[in-house]
Structures are given as structure tokens and as C-alpha cells.
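Reading the structure
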Amino acid sequence: GSNTATVEDMIFVEGIAVEYVEDFENGVSSDFILGHNAKGRIRVDTRAANGSDYGLHFTGYALTGGWSGGATNTTADQAWLINTDFHAFADICSVDATGIDGLTLNLDLRQTYSAGNKYSWFRVLVNDEPVSDIYGTENFNPETNQDLFVTKTFDLSQFGNSMFSLRLQSACYLADKFINEGDNVFVDNIVFTNTTSADDSQIGNAGVLAYPNPARDVLNFSAHGIAGNLLVEVLNVQGTLFYSENIASYKEGEVRQISTKSLGTGIYILRLSGQTGMIVKKFAVN
């Protein structure tokens, strides 16, 4: 009762700092905590996206019964509020986005179903509240059992400059291949990206005007604070380069065009690098 010991840095909290990528390619979940209720299942396995080796697999139960709703008419309220025994989840309790205004979450998603598509559900929650993707979709169901992996984009800028929790959640009725393909959710290539544009957070005196936004066929841009030889690049939020052009003797304020016809629907980054600085601008393609 008379001795005191002080130990610092004793508490470890599972968390990540943006920017962040989890592709599960080491065969396990490095930062996500995986869990499930009595009739849900989750694991890392080889049903992965884009020819990669491993991904996250949510599925249902190996016995029938206990599910509220039908194969084609289960409602979101039934899936999330009543069928709780069938939930599985991947959690990160702390995403550190302090100092970041523009924040985007991307993930590759594929789903299958047994008797009907309303037996397979997926959603994303931030601070225990569901969030929608950039097209306003909050609850995801499969369309066919031949659906490919599709990248889903969530603008989480409202949670910028904060620390928050993230949950990937499924509600799936039957186990993989139990009937037909089974009720499954496959998730891969989870990416948190800082998309703060330099005109929101100035780099020196640099700025860029990009329009129309969203773009359809072309994106016009003009820059100030950057002149001389200019490198123009277009990337997706995962860092893949889609377009690159060197412009010699760019004049400040000069309007240039980039064709966006070959870009798929989604969020992209326009990056301009000149002799006096670099600036990035987020834009969408419809």
C-alpha cells in the first residue's frame, strides 16, 4: 500500500490512421476485428477481388429457420433490427482522420443469394450509424449470382478532422453454397483516402478551378499559383493513374481540357505538379 509504479503507453487500441489500405493479402485481417452472432459467419478466404489472393467473406448459417422476411421481400428493418442473429461484422474502433477535411472510403463489394436477393444484405456504419455511398445507397443487395466485384465509394468528409469507429456489417440467411450460391457478402481492397483539395487547404498560393463537376465527356481546368512546365495527372482514389500529360510553358489561368470518356463512373483526383508547387482537386465522373 505504500509503493507506486507508473507505466506509460500501456493501453493498445485497435485503430488506423488515414491514409490506409487493407487488402487481406497476408491471409488474415490485420486491423479489422471480425465477429458474428449465433447464425452469422465471417472469415478471410480466397473469394477475392480482381484476381487477388484473399478477401473478406461474410455468410449465413448452415440450417434454415429463424429469419424474419422472405427471399424477395425482406425489408431493411427486418434485416437489421430483427434478424440480428444472422449479423456478422468487421470493426475498427478508431479511424484517425484528424487534420483531414476530404475523406473517402472505397471498397470492392460482391454479393450472392440462395433463394432470393433479399436474403443477402450489407451496409457500412460510422459511429454506429449507417452511411450511404455517393449515389445515396445505404443498404446493398445482390442483383444476380453472377455479379462482379464493384467499387463502392463513400464520401466521409462529414467525419473529417475527427476520430470515429467503422463497422462493415452483413445480414445473410444461409451458408455459402447451402442453396444455389448461398447468401454471401464479399469485401476486398478497403481504402481510406485523403481527398482534401489544395484549394480547400492551400499549398502556397496554388489553386485550381475544375468544371463541370461531375464531368461527363470532358473536364476543364485552369490553375493559378502554378506556371511553367506542368504535369497533369488523373488518378482514382486508390492511386491508380489513368491519365498523364506534360504541358510545356503553361500560362497561369489558361483553360485546358481532359477527356473523361474512358473513365468509369466514380470519384477521381486531378493532380497538377509545377515548378512552384503541386495541387490536387477531387472531381466526379457520371
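Sequence positions are assigned chain by chain, starting from 1 and proceeding in written order. Only residues with pLDDT of at least 70 get local features here, since the model is predicted, and only at 80 or more are side-chain atom pairs given and counted; chain-wide, interface and lining totals rely on the full set of residues. To obtain the side-chain values, all non-hydrogen atoms of the structure were included, while hydrogens and water were left out.

1. Here's the deal with the packing of aromatic side chains
Think of it this way: a Phe, Tyr or Trp ring, Trp meaning its six-membered ring, pairs with another when their centres are within 6.5 Å, and the plane angle makes it stacked under 30 degrees, edge-to-face over 60, tilted otherwise. This structure, assessed with the given rule, holds 14 aromatic pairs. Among the aromatic residues, those joined into a cluster by ring pairs are Phe-58, Phe-122, Phe-140 and Phe-154. Over a ring means this: the NZ of a Lys or the CZ of an Arg is within 6 Å of the ring centre and within 35 degrees of the ring normal. A cation over an aromatic ring shows up here: Arg-123 above the ring of Trp-80, its NZ or CZ 4.2 Å from the ring centre.

2. Thoughts on the sheet that holds strand β13 (residues 207-211)
Strands in a sheet are paired, the pairing made by backbone hydrogen bonds, and the direction either parallel or antiparallel. Taken together, the 3 strands give an open sheet; going across it, the order is β13-β14-β17, and neighbouring strands pair in antiparallel fashion. On the outer flanks of this sheet lie β13 and β17 (256-259), each paired with one strand and no other. The average undirected angle you get between the axes of adjacent strands in this sheet is 25°. As paired strands, β13 and strand β14 (residues 218-224) are joined by 5 bridges and run antiparallel to one another. If you follow Ala-210 over to β14, its bridge partner there is Phe-221. Pairing between two strands is assigned when DSSP locates at least 2 bridges connecting them. The helix count covers DSSP runs of H or I at least four residues long, the strand count covers runs of E at least two residues long, and both are numbered beginning at the N terminus. Throughout, an axis means a line fitted to C-alpha atoms (over the contacting stretch in the case of helices), and angles, computed between N-to-C directions, take values from 0 to 180 degrees.

3. Thoughts on the side chain of Asn-145
The residue Asn-145 is located in the loop between β9 (129-131) and β10 (150-155) in this model. Exposure remark for Asn-145: the relative accessible area of 13% places this residue in the buried category. What makes two residues a contact is simply this: any of their non-hydrogen atoms within 4.5 Å. Not counting residues within four places of it along the chain, the set of residues in contact with Asn-145 comprises Arg-110, Thr-112, Tyr-113 and Glu-181. Whether a residue is buried, partly exposed or exposed follows from its accessible area with a 1.4 Å probe, protein chains only, as a fraction of its type maximum: under 20%, in between, or over 50%, in that order.

4. Observations regarding the nonpolar core
What is meant by a nonpolar core is a set of buried Ala, Val, Leu, Ile, Met, Phe, Trp, Tyr and Cys residues, joined one to another through side-chain atoms within 4.5 Å. Grouped together as the largest cluster of nonpolar side chains are 35 residues, with contacts concentrated most on Leu-107, Leu-156, Leu-168, Val-187 and Phe-192. Secondary structure elements with two or more residues in this core: β4 (41-45), β5 (55-59), β6 (87-96), β7 (103-112), β8 (120-126), β11 (163-172) and β12 (184-194). Excluding residues that lie within four positions of it along the chain, Leu-107 makes contacts with Phe-122, Val-124, Val-150, Thr-151, Lys-152, Phe-154, Leu-168, Val-187, Asp-188, Asn-189 and Ile-190.

5. Focus: the pairing of β6
The buried fraction of β6 is high, at 8 of 10 residues. Sheet topology places strand β1 (residues 15-17) next to β6; 3 bridges connect them, and they run parallel. By the bridge assignment, Ala-17 is partnered in β6 with Asp-96. The sheet contact formed by β6 and β11 spans 8 bridges and is antiparallel. Among the inter-strand pairings, Asp-96 is bridged to a residue of β11, identified as Met-163.

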